[in-house]
Amino acid sequence: MHAGKKIGTTKRGIGPAYASKAIRNGLRVVDLKDKEAFADKLRKLAMDGSKRFEGFQYDVEADIESFVEIAKRVCLQIPVHHLQKMPQAC
């Protein structure tokens with residue numbers, strides 16, 4: 001990188017997603033296996049978003065309930081040999 005040059009931006013708002021990947025605080029599908037742990041993680045991410053982004057509004061509790069319903073369908077699609085690697089899965 002040249003001195004004084006900025007890295008730049010895609011201007012698509014994907015920076016926070018990459019930041020979550022880099023600091024490993026994002027959610028993964030496997031997190032759906034434990035509703036309470038998933039809910040705690042999502043609440044922490046929402047709190048972080050509200051601190052970092054002015055005007056950030058997000059109904060985290062509604063999304064938690066939505067993801068619980070999604071988890072029921074996702075677990076039906078996971079092959080049995082994968083479920084055996086996920087203690088207390090689905």
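Keep in mind the model is a prediction, meaning the values are calculated, not measured.

J.: Account for the pattern of salt bridges, with residues named and values stated.
T.: Scanning all chains against the criterion turns up 6 salt bridges. D31 serves as the salt-bridge partner of K41, at 3.1 Å between the closest nitrogen and oxygen. Of the two residues, K41 sits in helix α2 (residues 35-52) while D31 sits in the loop between α1 (15-23) and α2, which places them 10 residues apart along the sequence. D31 sits in the buried class, given a relative accessible area of 14%. Here E69 and K72 are joined by a salt bridge, their closest N and O atoms 3.0 Å apart. Separated by 3 residues within a single helix, E69 and K72 lie in helix α3 (residues 60-77), roughly one turn from each other. The class of E69 is partly exposed, set by a relative accessible area of 43%.

J.: Talk me through the packing of aromatic side chains; I want residue IDs and the actual numbers.
T.: Summed over the entire model, instances satisfying the criterion amount to 2 aromatic pairs. On the basis of an interplanar angle of 65 degrees and a centroid distance of 5.4 Å, the ring pair of F38 and F67 is categorised as edge-to-face. Taken together, the positions of F38 in helix α2 and F67 in helix α3 put the pair 29 residues apart, joining distant regions of the chain. What makes F38 buried here is its relative accessible area of 4%.

J.: I'd like to hear about α1, residue by residue, with values.
T.: Of all 9 residues making up α1, only 0 are buried, and the element is barely covered by its neighbours. Positive backbone phi, at 55 degrees, marks R24, one or two positions downstream of α1.

What counts, and where the lines are drawn
Residues numbered from 1 in each chain as written. Predicted model: local features only at pLDDT ≥ 70, side-chain atom pairs only at ≥ 80, totals over all residues. Heavy atoms only, no water. Salt bridge = Lys/Arg side-chain N within 4 Å of Asp/Glu carboxyl O. Helix = DSSP H or I, 4+ residues; strand = E, 2+ residues; numbered from the N terminus. Buried < 20%, exposed > 50% of the residue type's maximum accessible area, 1.4 Å probe, protein only. Phe/Tyr/Trp six-rings, centres within 6.5 Å; stacked < 30°, edge-to-face > 60°.

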